[in-house]
Amino acid sequence: MKLIKKAFYFGFLLFFLLLVLFLLIPADIGQIRGVNYSLCYPKTVHFSQVPAEVIEKDFEMMRQAGINTVRTYEMLPDFVLDIAEKNGIFVIETVCFPGDWTDFTSPFQLNVLRKQAVSNVLKHKDRKCVIAWSIWNDAPFTFGSEKGDVIARYGSEKINEFLKEIYVAVKKADPYRPVTGSNMTHYDEGASIGSKFLDFMSFNTYVGLKDWEGTFDIGYADSMVEKICSLSEKFGKPALISEMGYSSFWEKSSCVTQQVVVNRQIKAVDKKLIGFLLFEWCDNWNKSGRPDALDAHIEEHWGINDGYRVPKGGYGAMKDSLSVFDRAFNWLRSMKRIVLGKTPVPAFYKPLGIRFSPADISEAGAFEKWAYLKKLESDENWVVYAEMKEGLLKDILKETEERTSSGGYDRDGIKHQYLNWIVHREQMDQNERVSLNKLYNMLLLYSRQACDPDILREYASLLSQNGEPVYSRKLTEEYAAMIVTGFTPEKAADILFNAGKATEMLLSERRPEADVLFGKYIEIVTAENDRDKSCELLLRLGRLYQEKGLYDKEIKVLRLIVDKYYGADNAVEAVDRIAQIYDFRGQSEKAEYEYGRIIFDYPESPFAADAIAKMMSMFAKYPYGTRIKKEIPFLEKVTELNIDKTVLARLTYQLASLYESQKQADKAEKYYKKVIEKFPDSSYASFAEKDLKKLEIKNE
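Model, not experiment: these values are computed from the prediction.

About the cut-offs
Residues numbered from 1 in each chain as written. Predicted model: local features only at pLDDT ≥ 70, side-chain atom pairs only at ≥ 80, totals over all residues. Heavy atoms only, no water. Helix = DSSP H or I, 4+ residues; strand = E, 2+ residues; numbered from the N terminus. Expected span 1.5 Å × (residues − 1). Polar contact = N/O pair within 3.5 Å; in protein donor to acceptor, adjacent residues only side chain to side chain. Core = buried A, V, L, I, M, F, W, Y, C linked by side-chain atoms within 4.5 Å. Buried < 20%, exposed > 50% of the residue type's maximum accessible area, 1.4 Å probe, protein only. Contact = heavy atoms within 4.5 Å. Pairing = 2+ DSSP bridges. Disulfide = S-S within 2.5 Å. Salt bridge = Lys/Arg side-chain N within 4 Å of Asp/Glu carboxyl O. pLDDT = per-residue confidence, 0-100. Phe/Tyr/Trp six-rings, centres within 6.5 Å; stacked < 30°, edge-to-face > 60°. Lys NZ or Arg CZ within 6 Å of the ring centre and 35° of its normal. Axes fitted to C-alpha atoms, helices over the stretch in contact; angles between N-to-C directions. Parallel < 35°, antiparallel > 145°, perpendicular 65-115°, else oblique. Left-handed = near helix turned anticlockwise from the far one by under 90°. Nonpolar A, V, L, I, M, F, W, Y, C, P; charged D, E, K, R; others polar. Right-handed = clockwise from strand over helix to strand, strands pointing away. Patch = residues over 30% accessible without salt bridge, like charges linked within 9 Å, V, L, I, M, F, W, Y side chains within 5 Å. Areas by Shrake-Rupley, 256 points an atom, 1.4 Å probe, with all protein chains shown as cover. Lys, Arg positive; Asp, Glu negative; His and termini not counted. Charge placed at Lys NZ, Arg CZ, Asp CG, Glu CD.

Caption draft 1: Inspection of helix α15 (residues 411-427) at higher detail. The end-to-end C-alpha distance of α15, which contains 17 residues, comes to 25 Å, matching closely the 24 Å that a straight helix rising 1.5 Å per residue would cover. N-cap assignment for α15: the residue whose side-chain oxygen lies 3.2 Å from the backbone N of D412 is D410. Of the residues flanking the end of α15, it is M428, one or two places downstream, whose phi is positive at about 55 degrees.

Caption draft 2: Structural view of the nonpolar core. Ranked by internal contacts, the top residues of the largest apolar core, which has 198 residues, are F59, I135 and W281. Excluding anything up to four places from it in sequence, F59 contacts Y37, V70, V80, I83, A84, N87 and I89.

Caption draft 3: View of the pairing of strand β8 (residues 239-244). The buried fraction of β8 is high, at six of six residues. Two elements, β8 and strand β9 (residues 275-278), share three bridges in a ladder whose sense is parallel. Looking at β9, one finds that M244 is bridged to L278.

Caption draft 4: Fine view of the sheet that holds strand β7 (residues 201-204). Taken in spatial order, the nine strands of this open sheet run β5-β4-β3-β2-β1-β9-β8-β7-β6, and their pairing is parallel. One side of each edge strand has no neighbouring strand; the edge strands of this open sheet are β5 (179-180) and β6 (182-183). Note: strand β3 (residues 90-94) against strand β4 (residues 130-134), four bridges, orientation parallel. Opposite T94, over in β4, you have S134 as the bridge partner.

Caption draft 5: Expanded view of the state of the cysteines. Scanning the model with the defined rule gives zero disulfides in all. A disulfide-free cysteine, C96 has its sulfur positioned 19 Å from the sulfur of C129, the nearest such atom. C96 gets classed as buried once you look at its relative accessible area, which sits at 2%. Cysteine C282 shares no disulfide, and the gap to the nearest cysteine sulfur, in C40, comes to 3.6 Å.

Caption draft 6: Quick look at the pattern of salt bridges. Within this structure, the stated rule accounts for 48 salt bridges. E640 is the partner of K674 in a salt bridge, and the nearest nitrogen-oxygen pair spans 3.1 Å. With K674 in helix α29 (residues 665-678) and E640 in the loop between α27 (624-638) and α28 (645-661), this residue pair connects regions lying 34 residues apart in the sequence. Classification of E640 as exposed rests on a relative accessible area of 56%. When salt bridges with common partners are traced through the structure, they connect D78, D82, E85 and R127 into a single cluster.

Caption draft 7: Spatial organisation of the confidence of the model for the chain. Mean pLDDT over the chain stands at 88; residues scoring 70 or higher make up 90%. For the chain, per-element mean pLDDT is lowest for helix α12 (residues 324-340), which scores 57, and highest for β5, which scores 97.

Caption draft 8: Expanded view of the packing of aromatic side chains. Per the counting criterion, the structure on display carries 35 aromatic pairs. By way of ring pairs, the aromatic residues Y206, W212, Y246, W250, F279 and W302 are connected into one cluster. Above the ring of Y220, the side-chain terminus of K210 is found at 5.8 Å from the ring centroid. The ring of F497 has R540 lying over it, and the distance from NZ or CZ to the ring centre is 4.1 Å.

Caption draft 9: Molecular detail of the packing of helix α24 (residues 571-585) against helix α25 (residues 588-601). Remark: α24 packs on α25, axes separated minimally by 8 Å, with the N-to-C direction vectors making an angle of 160 degrees. As judged from the angle between their axes, α24 and α25 are roughly antiparallel. Here the hand of the crossing between α24 and α25 comes out left-handed. For the pair α24 and α25, contact is made by V572, V575, D576, I578, A579, Q580, Y582 and D583 and by K590, A591, E594, Y595, R597 and I598, respectively. Residue classes in the contact of α24 with α25 are distributed as eight nonpolar, one polar and five charged.

Caption draft 10: How the structure looks around the pairing of β4. In terms of residue burial, β4 counts as a mostly covered element, since five of its five residues are buried. On the question of chirality, the crossover connecting β3 to the parallel β4 by way of helix α4 (residues 107-124) is right-handed. Inspection of the sheet shows β4 paired to β5 by two bridges, in the parallel sense. Across the sheet, S134 pairs through a bridge with T180, a residue of β5.

Caption draft 11: Fine view of the environment of K621. Looking at the element boundaries, K621 is found in the loop between α26 (606-619) and α27. On the accessibility criterion, K621 (70% relative accessible area) is exposed. Placed 33 residues apart in sequence, K621 and S588 show a C-alpha to C-alpha distance of 10.0 Å.

Caption draft 12: Molecular detail of a positive patch on the surface. A cluster of basic residues, K663, K690, K694 and K698, forms a positive patch at the surface. For K698, the position within the fold is in helix α30 (residues 683-699). Residue classification places K698 among the exposed positions, given a relative accessible area of 63%.

Caption draft 13: Unusual backbone geometry, seen in detail. Across the junction of A139 and P140, the peptide omega takes the value 10 degrees, indicating a cis bond. Note the cis peptide between F279 and E280, where omega equals 5 degrees. Looking at where E280 falls in the secondary structure, it is placed in the loop between β9 and α11 (313-320). Of note in the backbone geometry, C255 takes a positive phi value of approximately 60 degrees without being a glycine. Take C255: it is sitting in the loop between α9 (251-254) and α10 (258-269). Under the relative-accessibility criterion, C255 is labelled exposed at 69%. At M428, a position not held by glycine, the phi torsion is positive, near 55 degrees. Inspection of the secondary structure puts M428 in the loop between α15 and α16 (431-449).

Caption draft 14: Layout of the environment of A460. You can see A460 is positioned in helix α17 (residues 454-465). With relative accessibility at 1%, the residue A460 sits in the buried group. Note: C-alpha distance between A460 and K172 (288 residues apart in sequence) is 27 Å. Not counting the four nearest positions on each side in its chain, A460 is found in contact with S472, L475, T476, R510 and E513.

Caption draft 15: Summary view of the packing of α25 against α26. Direction vectors running N to C along α25 and α26 enclose 150 degrees, while the axes themselves pass 9 Å from each other. Between α25 and α26, the crossing angle belongs to the class labelled roughly antiparallel. Crossing hand, α25 versus α26: left-handed. Two secondary-structure elements touch here, α25 through S588, A591, E592, Y595, G596, I598 and I599 and α26 through F607, A608, A611, I612, K614, M615, M618 and F619. The class makeup of the residues in the contact of α25 with α26 is eleven nonpolar, two polar and two charged.

Caption draft 16: Up close: helix α8 (residues 218-235). Relative to the 26 Å expected for 18 residues at 1.5 Å per residue, α8 spans 26 Å between its end C-alpha atoms, a close match to the ideal helical length. Buried residues belonging to α8 abut α7 (188-191), β7, β8 and α10. Measuring from the backbone nitrogen of G219 back to the side-chain oxygen at the start of α8 gives 3.1 Å, which picks out D217 as the cap.

Below you can see the structure in the form of C-alpha cells.
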C-alpha cells in the first residue's frame, strides 16, 4: 500500500513538474537550424520529375538530424509544404528574386516584383509551416547575369528605396510574419542593405573559408561570426546566417572533410545568433554541368547529402550537433504549439500594432482615409493596417465610383478616378485594368473639352511612376498632338522641347515619352521653310542629347541635318560633331570619312583646319607603312584646296618631306618648289630652300 502511495506521489510530482515546464516553455520555434533546399534530383530537370517518396525521405531525414527549417530560392508546391508540416519542418520562402539584372530605377520592374511577391505571399500566408518571407538573395547581387555590384551602378540609397517598396507590399499582405533578405558581408555598404526596414537580417557567410580553394581557418570562422554579431548589434536587428557550409569537392585537395568544417562552423555560431542554414541539402547534378552526372566542379558538391540522399559528412555533423537536452526541449515546444493550436513564430519576432478604432475616421472622405492608410504604412504599423485595410479601401472605392459614375469629367473627377485605380492596384484585383482604362478615357475627353493638354502630361508622369509605361506613352502622344494643333509652330516647338528635356525623362524608362515629344519637335522644325533656322533648332536637340550622353540619338538628329540641309551654312557643325563622336569611340574609318567631308566639302569653314589636324593625328596612330599610304594621297588633295595659307604652307612642306623620305626625289622637289613659290614669306619657304639644296647635292 505504501509503495502504491509513493508511486502515486512520485507520479503526481512528475506530472506537476512537467506541467510547470510545459507552461513556462515558450511555444516559438527556438533557434533556426536548417538547410537551403531545392527540389532537385539526379537525371531530372524539373521538380515534377522528382518522385514524391524522395521528398518524403528528405523531410524525414531532416527531422532525424534535428533540422527544423528550410530556406528556398523559389515557391514550393503545396504538396511539398504538406510533407514539411507533417514532419514539423518550417519554411522560409523566397517570394521574389531581384538581382544584378534588375533596373533599380524602373517603376515598371518594381511593380512586377511587387506583384510577384504579394501574389506568392497570398498563396501561402495560411500555411503554418511558413515562418518568414525572403525578398532577395546575395545582395549586393554580384552574381546572376554578372553585371556586377548594383551599389556601384545605382547607389545604396536607390537600392534600399527600391527594395523597401517590395518589403512594404509584403507586410501589407501579411503583417504577422517577419521579412528578410540575404546579404553578403564582403564590404560594409553591401552588408547593410535593408538594415533599416527588414525584420531580421540574413547573411550568406561561408564561415571560416579564406578562399575559394577550400582553405578553412578556425580562428577566421570565429571572427566572421563575431562580425555578424557586430552587424546585428549595429543595426539593432536579429541576425541569421542564411548560407554556410563546405563543398566536398575540396576534400582531397584541402585534406579537410566536410564533416569537420561543418561541425566547427556550427560550434562557431552556437547560440550567438538566431540560427543558421547550411548550404545545401543535397548535391545538385545540373548546377554547373549536365543533369545526368556530377561534374568536377565546386558548385555541384555542396550538399550535406549526395544527390541520391546518401548522407555525407555535413549531415553527420548536423545530426551530432544537437544534444539530447536540445531535442527534448524542442519536442516540448512543438507539443505546446500543437496543444494550444498556435502558429509557429520565430522566438525573436512579435508583430506589434497600436490599436486604433476604425470609427476615428469613419466620417472622413476618400482622400483622408487613403492618407490614414498611408500614415499607418509609413509608421510600419502593419497589424493595424491589415485590420483596417479592407474596410477603408471598400469605403474609398464606393466614394470614388459614386463620384465618377455620372460623368465626373473635370479635374476633381479625374482625381477621384485616379485614386480608384490606385486602390484597385493596391488590391491587385481584376478591376485594376478596367479602372485604368476609364481614367485614360476621362483624361482624353476632359483635355479636349477643356483645351487642357497639361493634365495629360501630369498624369503621364503619375502613371509612369506607378509602373504603367504603355499608358504613359499614349497620354504623351495625345499631349504632343494637342500642342501641335493648339499653338503656332514656333511656340509648339519650344513647348515640346522643354517638356522633353527633363533629366527624369531622358535618363530613365520614360525615354520613350521623350522620344514622342522630340519626334513631334522634329516634325515641326523640319517643316520650317528657313533651312538655317531648322538646322539651328535641330542642333539644339543634338546638343541636349550630347549633354546627356545619348550619342546614338545625337547622331540620328545630326544625320537628319546632313541629309536634309547639307548645303546650309551651319550644317558643317553637324558633320563635325558626328566625326568627333566616331573619333571618341575609336571608330577610325567612320571618323576619317566624316572629317574628310568637312575638309573637302566645306574647305573654307572654320571647322576645316581642325578637321585636318584631327585627320593627321589619326594617321599617326597607324603603323608607319599604313600611315604613309594614307597621308600622301590625303595631303595631295588638301594642298589643292583654298584653305588658310599658313596651314597650306605647312602641309605642302610636310608632303614634300614625306616624298623625300620615300626616295621620290622628283615629287619632293616639286612640292619644295611649290612652297617657295606660293608661300615665299612663310618660315616653311626657308626650310624648303635648304632641303631643296640638300636634295640637289644628293642627286649630283
